[in-house]
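# A closer look at the structure
For reference, the chains in residue letters:
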Amino acid sequence: MRLVFMGTPEIAKTCLEAIYQAGHEIVGVYTKVDTPKNRGMKLTVSPVKAFAMEKGLPVFQPKNFKDPETVEALRSLRPTLIVVVAYGRILPQSVLDVPEKGAINMHASILPELRGAGPIQWSILQHMKETGVTAMYLSAGMDEGDIIEIRRTPIDPMETGAELMERIGQIAAGLAVDTIASIEAGTATRTPQDHTRATYAPMLSKDMSPIDWTQPVRYVIDQVRGLIPWPVATAELGGVPFKIFRVEDTGKTTDRAPGTILALTKQGLEVACGQGGVALVRELQAQGGKRMPAPDYFRGHPIQID
């Protein structure tokens, strides 16, 4: 089949690489426009674009599909199927109507749960023990299309969003290759979603970063895990702002107010949480500094214990 691939971040690149290695004919790769990053605001290409350029695949970067000429350019590629993974663009019906066999998407949740832009992070933020990847047909509604197949995976209790994203990428890659093969063979099934069970995973924001110490320890841990790699949890400790990268449960209890700094040990900084729990801050980063173990930082920067 003639395939058009649409995707942008690393998880999409993992899928594109698997599809390429499977020997499929990729007639076009669509990705978001290059973005300025870092202090120099140098234009940076997406992981998908970098891989496509390396393999000599034709790359397209339209800002959107509102222009009829953009849709015609896609139609001129004569794709049999469009494969979408974390593209970051809403596809109008005019695009979905182009390929003979439709458009499919690898969505990083067990649909209809966690529709939207941040399903991997929200699976952790919502304290889930399991997530997965759903192969689905795209429709005009956001992540509302018919399901082809779901592959599930448990979430490790201390797995970060970045670590889970890497694992999900591998699952999505295998599922993408198998789904393309089943569509080509005419064996792919379609199961409508139960829309009454739908939940949503909106884009993350920095407003979510400050740690709420009134929450139970488990919820604080999940906030820290879920916000890696971005926007990262934050907290003021001893009046100094930090990014927080790892928190664990000490198993201790306290009657002190949530947010109280209780002790500095060889393992980290103990902080009172809601429901009488005690969290252990193990890794952090001061402004302008490096990510490091909390005991190492506070050895050179003494902190007052409440």
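Residues numbered from 1 in each chain as written. Predicted model: local features only at pLDDT ≥ 70, side-chain atom pairs only at ≥ 80, totals over all residues. Heavy atoms only, no water.

Attention now goes to the packing of aromatic side chains. Counting across every chain of the model gives six aromatic pairs. Seen in terms of ring centroids, tyrosine 30 and phenylalanine 60 are 4.9 Å apart; in terms of plane orientation they differ by 20°. Their pairing is stacked. Placement of tyrosine 30 in strand E2 (residues 25–30) and of phenylalanine 60 in strand E5 (residues 59–60) is noted, with a sequence separation of 30 residues between them. Among the residues examined, phenylalanine 60 registers a relative accessible area of 25% and is labelled partly exposed. Three or more aromatic residues joined by ring pairs form one cluster here, namely Tyr30, Phe60 and Phe65. The ring centre of tyrosine 137 lies 3.8 Å from the NZ or CZ of arginine 190, which sits over that ring. (Phe/Tyr/Trp six-rings, centres within 6.5 Å; stacked < 30°, edge-to-face > 60°. Helix = DSSP H or I, 4+ residues; strand = E, 2+ residues; numbered from the N terminus. Buried < 20%, exposed > 50% of the residue type's maximum accessible area, 1.4 Å probe, protein only. Lys NZ or Arg CZ within 6 Å of the ring centre and 35° of its normal.)

A few words now on empty space enclosed by the protein. Throughout the structure, instances matching the rule amount to one cavity of 30 Å³ or more. Taken as a whole, the largest cavity holds about 40 Å³ of empty space. In terms of lining residues, the largest cavity is bounded by Met158, Thr160, Ile221, Val224, Arg225, Phe245, Arg246 and Val247. Elements that contribute at least two residues to the lining of the largest cavity include exactly helix H7 (217–226) and strand E11 (240–253). A per-class count over the lining of the largest cavity returns five nonpolar, one polar and two charged. (1 Å grid on protein atoms, 1.4 Å probe; cavity = no way out; pocket = protein on both sides within 12 Å on 5 of 7 lines; lining within 4 Å. Points joined across faces, edges and corners; volume = space filled by probe spheres on them. Nonpolar A, V, L, I, M, F, W, Y, C, P; charged D, E, K, R; others polar.)

Within this structure's numbering, the places UniProt gives as "domain: Formyl transferase C-terminal" (unreviewed entry) are residues 204–301. Helix and strand shares over residues 204–301 are 17% and 40% respectively, and the end C-alpha atoms of the span are 32 Å apart. (UniProt positions renumbered as here; feature names shortened; annotations may be inferred.)

Turning to unusual backbone geometry, a few remarks are in order. Between leucine 111 and proline 112 the backbone carries a cis peptide bond, its omega angle lying at 10°. Inspection of the secondary structure assignment puts proline 112 in the loop between strand E7 (103–107) and helix H5 (119–125). Omega for the bond connecting isoleucine 228 with proline 229 falls within 30 degrees of zero, at 15°, which places this linkage in the cis form. Here the phi dihedral of valine 232 falls at roughly 75°; this positive angle occurs in a residue that is not glycine. Of note, valine 232 is situated in the loop between H7 and strand E10 (233–237). The exposure class of valine 232 is buried, given its relative accessible area of 4%. Unlike most non-glycine residues, glutamine 275 shows phi in positive territory, near 60°. As for its placement among the helices and strands, glutamine 275 is situated in the loop between strand E13 (269–272) and strand E14 (277–286).

Burial along E10 is one-sided: the face carrying Ala233, Ala235 and Leu237 is buried and the face carrying Thr234 and Glu236 is not. Pairing of E10 with E11, which is carried by five bridges, proceeds in the antiparallel orientation. In the sheet register, alanine 235 faces E11, and the bridge partner there is phenylalanine 242. Counting the residues that bridge the hairpin from E10 to E11 gives two residues, and of these glycine 238 lies at a positive phi of roughly 65°. (Pairing = 2+ DSSP bridges.)

Core analysis: the largest hydrophobic core is formed by 37 residues, its most contacted members being Phe5, Ile19, Leu81, Ile104, Met106 and Ile180. Considering every element that reaches this core, the biggest residue donor is helix H6 (residues 161–185), with nine residues. The next biggest cluster of nonpolar side chains, apart from the first, holds 30 residues, and it includes Leu125, Ile211, Leu227 and Phe298. (Core = buried A, V, L, I, M, F, W, Y, C linked by side-chain atoms within 4.5 Å.)

A few words now on the layout of surface pockets. Size it by volume and the largest pocket reaches roughly 1500 Å³. Lining the largest pocket are 41 residues, with Pro9, Ala86, Tyr87, Gly88 and Ala117 positioned closest to its centre. Those elements that place two or more of their residues in the lining of the largest pocket are strand E3 (35–37), strand E6 (81–85), E7 and H5. A class-by-class count of the residues in the lining of the largest pocket yields 25 nonpolar, twelve polar and four charged.

This part covers the pattern of salt bridges. A complete count under the given rule lists 18 salt bridges for this structure. Measuring nitrogen to oxygen at the nearest pair gives 2.7 Å for the salt bridge that ties aspartate 178 to arginine 151. Of this pair, aspartate 178 sits in helix H6 while arginine 151 sits in strand E9 (residues 147–154), and the two are 27 residues apart along the sequence. For aspartate 178, a relative accessible area of 39% translates into the label partly exposed. The salt bridge partner of lysine 252 is glutamate 270, with a shortest N-O separation of 2.7 Å. (Salt bridge = Lys/Arg side-chain N within 4 Å of Asp/Glu carboxyl O.)

Bringing the environment of arginine 151 into the picture now. For arginine 151, a relative accessible area of 24% puts it in the partly exposed group. Between the C-alpha atom of arginine 151 and that of glycine 132, which follows or precedes it by 19 residues, the distance is 5.4 Å. Residue contacts for arginine 151: discarding those within four places in its chain leaves Thr131, Gly132, Val133, Ile171, Gly174, Leu175 and Asp178. Only 2.9 Å separates the side chain of arginine 151 from the side chain of glutamate 149, close enough to count as a polar contact. A polar contact is formed between the side chain of arginine 151 and the side chain of aspartate 178, at a distance of 2.7 Å. (Contact = heavy atoms within 4.5 Å. Polar contact = N/O pair within 3.5 Å; in protein donor to acceptor, adjacent residues only side chain to side chain.)

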